[in-house]
Structure formats: structure tokens, C-alpha cells
Amino acid sequence: MYAFDFVKPGTLAEASEALSHDGALPLAGGQTLIAAMKQRLNAPEKLVSLTGIPELKGVCAGDGGVTIGAATTHAAVAAQAAAYYPALAALAGQIGDPAVRNRGTIGGSLANNDPAACYPSAVLASGATIVTNTREIAADDFFQGMFTTALHDGEIITSVKFPVPQKAAYAKFQQPASRFALTGVFVAKFADGVRVAVTGASESGVFRWTEAEAALTANFSAAALDGLSVPADGMIGDLHGTPEYRAHLVKVMTKRAVVAAG
Amino acid sequence: MAKLTMTVNGRTLSADAEGRTLLSDFLRGGLGLTGTHVGCDTSQCGACVVHVDGQAVKSCSMLAHEAAGSTITTIEGMANADGSLSTLQQAFQDHHGLQCGFCTPGMVMSAAALLAENPKPTEAEVRHHLEGNICRCTGYHNIVKAVLAASGQDVSGVGIAAE
Ligand SMILES: Cc1cc2nc3c(=O)[nH]c(=O)nc-3n(C[C@H](O)[C@H](O)[C@H](O)COP(=O)(O)OP(=O)(O)OC[C@H]3O[C@@H](n4cnc5c(N)ncnc54)[C@H](O)[C@@H]3O)c2cc1C
Ligand code: FES
Ligand code: FES
């Protein structure tokens with residue numbers, strides 16, 4: 001790992017200032033960034049820790065939704081969001097392993113936008129809003145392909161606002177070595193329709209399966225998906241699964257999520 | 001270089017550390033606590049697990065300066081006050097929960113964190129909780145057995161297939 005300066009501000013204002021300089025990068029749980037820096041895939045001049053800023057942490061419910069601070073760990077979401085948004089809490093409790101969940105954060109996961117990460121599917125399927133230190137970004141505009149988001153350099157995610165659906169579930173087919181999603185599907189049923197977001201499968205990162213959304217809005221049951229299929233074009237192919245396999249998994253995991261949502 | 005102070009296994013210790021120093025390197029190189037092992041470069045093996053303010057974390061994936069002022073427990077802090085093995089450590093020995101021993105410090109620290117929040121876990125809960133700890137030797141059954149035994153449960157039915 002190359003050398004860098006480390007700072008740990010106690011307020012968002014100080015963090016924003018520290019990140020307004022070229023070469024500075026936020027550090028949240030470090031569960032992705034530190035490994036990337038060890039491999040010298042990333043070499044910031046300055047790391048600005050977000051873990052000492054109380055206003056970026058915590059889960060709070062209100063106005064038919066739940067808001068999660070960007071620096072809230074996966075373990076804290078699993079424990080504290082369970083009463084308000086059980087499907088989201090269950091997703092957080094399936095990320096990686098306990099030690100990863102004790103450090104990794106929702107903000108870090110979303111900023112990183114790994115094509116196999118779990119949270120992007122919940123954020124997109126819930127139609128959540130990503131709040132930063134300068135603006136609010138709708139989930140539909142935030143994810144812009146593998147490892148790419150709408151964030152500008154130095155912009156800090158401060159929280160994520162989730163509307164809570166009537167029914168929801170996440171079904172994850174785990175890649176057994178990395179524990180990321182080989183394919184994961186989050187289904188959310190709202191009064192005005194169903195949203196389905198798929199992670200792990202596509203070369204363009206998380207995406208909405210709109211045909212399934214229409215079918216499930218008309219009839220919220222696994223059988224409603226019987227006639228649909230997902231083209232293998234543009235799906236990820238690697239040693240863990242072919243594009244055809246992943247395309248097939250999208251439908252299987254969507255059905256499982258619908259059944260789990262009840 | 002900046003001075004870094006933390007409480008490790010009950011003692012308050014200080015040493016200099018660069019911004020990039022990992023907690024695992026600080027414990028091993030800075031403080032000479034080489035019981036914490038480093039088995040990978042990808043945050044995946046769990047050999048480096050220690051407790052930071054009571055929570056199990058991978059010390060290879062946390063900067064030492066992030067732990068400034070924290071209370072850390074490493075495998076060196078797990079024995080009883082008189083130096084004898086703790087119940088959990090003794091169970092690893094009694095049930096052959098280790099062979100080469102490389103993964104053992106991380107296994108013990110992860111298992112201790114589990115037992116602290118769930119004193120009587122099921123076999124499935126133990127296996128699930130240890131997902132982030134990789135062992136190349138034992139095949140896991142005896143590790144699971146040791147953790148269940150340390151929690152005071154009957155282990156006669158665990159891992160029969162392995163023996
Ligand atoms: C063994 C292992 C298994 C894992 N399994 C899974 C899994 O099953 N599912 C899954 O989804 N993930 C998994 N992960 C990834 C894990 O969830 C990470 O915690 C997460 O991807 C990154 O979050 P972090 O807080 O650690 O971010 P960091 O590693 O600190 O940062 C990641 C990136 O986000 C930026 N960043 C961080 N916070 C912010 C912010 N608030 N605003 C703007 N930018 C920010 C950083 O600058 C960096 O570029 C796994 C990781 C490991 C090591
Ligand atoms: S050394 Fe492998 S996870 Fe830390
Ligand atoms: S005992 Fe050798 S790696 Fe576990």
C-alpha cells in the first residue's frame with residue numbers, strides 16, 4: 001500500500017472540507033477500499049475517515065419510510081432496521097460474514113457499486129433516495145453501470161431514505177467463495193406497483209427487470225413470471241457461471257423473492 | 001508517523017504508526033503480539049480477527065489509526081488470568097479443533113464473539129457465524145464441535161461424517 005495522510009474528522013462539515021481537495025478519498029468500513037489499496041488498484045493521497053462522524057450513523061423511521069445514515073454498518077442495519085423494514089435488515093444480515101458486517105457500511109457499498117453487491121438491489125427496488133452533502137439523487141439515476149455512480153469527486157453520501165413497501169424480500173444466490181451475490185433479486189410491492197431489481201447478473205450492474213414488474217403488478221405471485229424469460233445477452237460470464245446460467249437464475253431468484261415476500 | 005495509543009488485552013500501549021499501517025501490522029510488528037495471523041491479502045480468510053470495542057473485526061482490513069483509543073482483545077488476551085487455557089481454547093484442544101493452528105486465533109476470536117451474543121448457539125448458527133474464517137486443515141467439524149462444547153452443549157452427534 002502506498003503512503004497517504006489519514007484524517008478522522010468529527011463532523012460532516014470538516015469531512016466535506018477535507019474531501020474538497022484533489023487526491024482525497026472517503027474511507028468508511030474499508031472492507032473494499034483497503035483491499036484495493038493493498039493491491040495498489042487505488043492510491044489516494046489522503047484518506048478521510050467517515051467513521052467518527054455521529055451524524056452519519058443510525059437508523060430512524062418516520063413518514064412511511066426509514067432513513068439510514070451512510071456510515072451505518074451492515075450489522076447495525078441488520079439489528080436496528082428489522083422493526084421497520086425487515087427485508088432490508090435481512091439483506092444486510094446476509095452480507096459477507098460477521099466481521100465484514102461489523103465494519104462495512106451502506107454508504108461504502110453504494111458508492112462502490114460492485115456489480116455483485118447486495119444493497120444496490122434494495123435501493124433500486126425500493127425507489128430509495130440517496131442523500132449527499134450537496135443534493136438528493138433518486139435510485140434510478142444513481143447507479144450508472146459497474147463500479148460507476150452519479151457521485152462527483154469529493155461528494156459524500158450522508159444517508160439513504162427508503163420508502164417502506166407493503167411486502168418485500170431479497171433472494172440471494174451466494175457465490176460460495178466470495179459470499180457476494182452470484183445473482184440476487186430484491187422484490188418490493190408498493191400500493192401503486194411492484195419494483196424488481198437484480199444484482200450480480202448483468203455486465204451493466206444492478207438493473208430493473210421491468211417485464212417482471214408489470215407481470216407482478218398485475219398478479220403478485222410466482223406463477224405470474226412463468227411465461228417470462230431473461231435474455232443471456234449482456235449477462236456476466238465467468239468461472240462461477242455462464243451468462244445463460246445467470247439469466248436463468250434471475251427468474252428463479254425473482255420467484256423465490258416473491259414467495260418469500262408472501 | 002503519529003503516536004497511537006490503544007488498550008490491548010487490558011494494558012494501555014503506545015507506539016508510532018504511519019497512516020497506512022494496518023491494525024494487524026501494528027499488533028504484530030508494533031506491539032509484538034504475533035498471535036494474530038495474516039493469511040491473505042483479500043479480507044477473506046479471517047485469521048486476523050480481533051475484537052475492537054467488543055466487536056469481531058478483520059484487523060488486516062482496518063487501519064491502526066482507526067482503532068486509536070479503542071479497547072482491543074487479541075488471542076493473547078484470551079487465556080485465564082493464571083495463564084491456563086480458557087474454556088473455549090481448552091475445547092479446541094480437547095476436540096482437535098486445530099491441526100496446523102494457523103486459522104486458530106481467528107477462529108477462537110470469532111467464536112468468542114458469537115458466544116458472547118449467543119451463549120447456546122445451534123450447530124447451524126456456529127457454522128453460519130464462522131463463514132468468514134477459513135481453515136485449510138480440519139474440515140471444520142471439530143471446530144464446530146469445540147465451539148458447541150465450550151457453550152456447554154452435547155457434541156456427540158456433531159460431525160460424525162468426518163470421523
Ligand atoms: C469477505 C467479504 C465478503 C463480502 N461480501 C459481500 C456481500 O455478500 N454483499 C455485498 O454487498 N458486499 C459484500 N462485501 C463488501 C462489503 O459490503 C463492503 O463493506 C462494501 O462494499 C464497502 O463498504 P465499506 O463501508 O467497507 O466502504 P469502503 O471500503 O471504506 O469504501 C468503498 C468505496 O466507497 C467510497 N465511500 C465510502 N463511504 C462513502 C460515502 N459515505 N460517500 C461517498 N463515498 C464513500 C470510498 O471512497 C471507496 O471508494 C464483502 C466484503 C468482503 C471483504
Ligand atoms: S488476513 Fe485474511 S482476512 Fe485478514
Ligand atoms: S488448523 Fe490449519 S488452517 Fe485451520
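Structural data are supplied above this passage.
Let me begin by describing the structure that accompanies this report. Note that the structure is a prediction, hence the values are computed from the model and not measured.

### Let's talk about the packing of helix α2 (residues 87-94) of chain B against helix α3 (residues 104-117) of chain B
Residues and elements named next belong to chain B.
- Here α2 crosses α3 at 125 degrees, and the two axes come no closer than 10 Å. Our classification of the angle between α2 and α3 gives oblique. The two elements α2 and α3 cross, and the hand of that crossing is right-handed. Touching L88, Q89 and F92 of α2 are T104, M107, V108, A111, A112 and L115, all from α3.
- Across the contact of α2 with α3, the residue classes tally to seven nonpolar, two polar and no charged.

### Some words on the environment of T210 of chain A
Residues and elements named next belong to chain A.
- Here T210 shows up in helix α9 (residues 210-218).
- Look at T210 and you get partly exposed, because its relative accessible area is 46%.
- Spatially, the C-alpha atom of T210 lies 17 Å from that of A171, the residues being 39 residues apart in sequence.

### Section: the pattern of salt bridges
Residue and element names in this part refer to chain A.
- Evaluation of the coordinates by the stated rule reveals 13 salt bridges over all chains.
- R179 serves as the salt-bridge partner of D97, at 3.2 Å between the closest nitrogen and oxygen. Separated by 82 residues along the polypeptide, D97 in the loop between α4 (86-92) and α5 (98-103) and R179 in the loop between β9 (167-174) and β10 (181-190) bring together distant segments of the chain. As far as burial versus exposure is concerned, D97 and R179 are alike and both buried.
- The salt bridge involving R195 is made with D140; its shortest N-O contact spans 3.0 Å. Here R195 is found in strand β11 (residues 193-199), whereas its partner D140 is found in helix α8 (residues 139-142), with 55 residues between them in sequence.
- You can call R195 buried: its relative accessible area is 16%.
- By relative accessible area, D140 is classed as partly exposed at 43%.
- Salt bridges here are not isolated pairs; linked through shared partners, they connect D140, R195, R208 and E213.

### Observations concerning the interface of chain A and chain B
- In this assembly, 29 residues from chain A lie in contact with 21 residues from chain B.
- When the two sides are added together, the surface that chain A and chain B hide from each other amounts to roughly 2,100 Å², 52% of it contributed by carbon and sulfur.
- Taken together, chain A and chain B are joined by three salt bridges.
- A salt bridge links E66 of chain B to R103 of chain A, with the nearest nitrogen and oxygen atoms 3.9 Å apart.
- Where chain A packs against chain B, one counts nine residue pairs in polar contact (both at pLDDT 80 or more).
- Residue assignment for the side of chain A that touches chain B shows that the elements contributing at least two residues are α2 (33-38), β3 (46-49) and α5 of chain A.
- Along the lines of polarity and charge, the residues of the side of chain A that touches chain B split into 14 nonpolar, nine polar and six charged.

The rules we used
Residues numbered from 1 in each chain as written. Chains lettered and ligands numbered in written order. Predicted model: local features only at pLDDT ≥ 70, side-chain atom pairs only at ≥ 80, totals over all residues. Heavy atoms only, no water. Axes fitted to C-alpha atoms, helices over the stretch in contact; angles between N-to-C directions. Helix = DSSP H or I, 4+ residues; strand = E, 2+ residues; numbered from the N terminus. Parallel < 35°, antiparallel > 145°, perpendicular 65-115°, else oblique. Left-handed = near helix turned anticlockwise from the far one by under 90°. Contact = heavy atoms within 4.5 Å. Nonpolar A, V, L, I, M, F, W, Y, C, P; charged D, E, K, R; others polar. Buried < 20%, exposed > 50% of the residue type's maximum accessible area, 1.4 Å probe, protein only. Salt bridge = Lys/Arg side-chain N within 4 Å of Asp/Glu carboxyl O. Buried area = accessible area lost by both parts, 1.4 Å probe. Polar contact = N/O pair within 3.5 Å; in protein donor to acceptor, adjacent residues only side chain to side chain.

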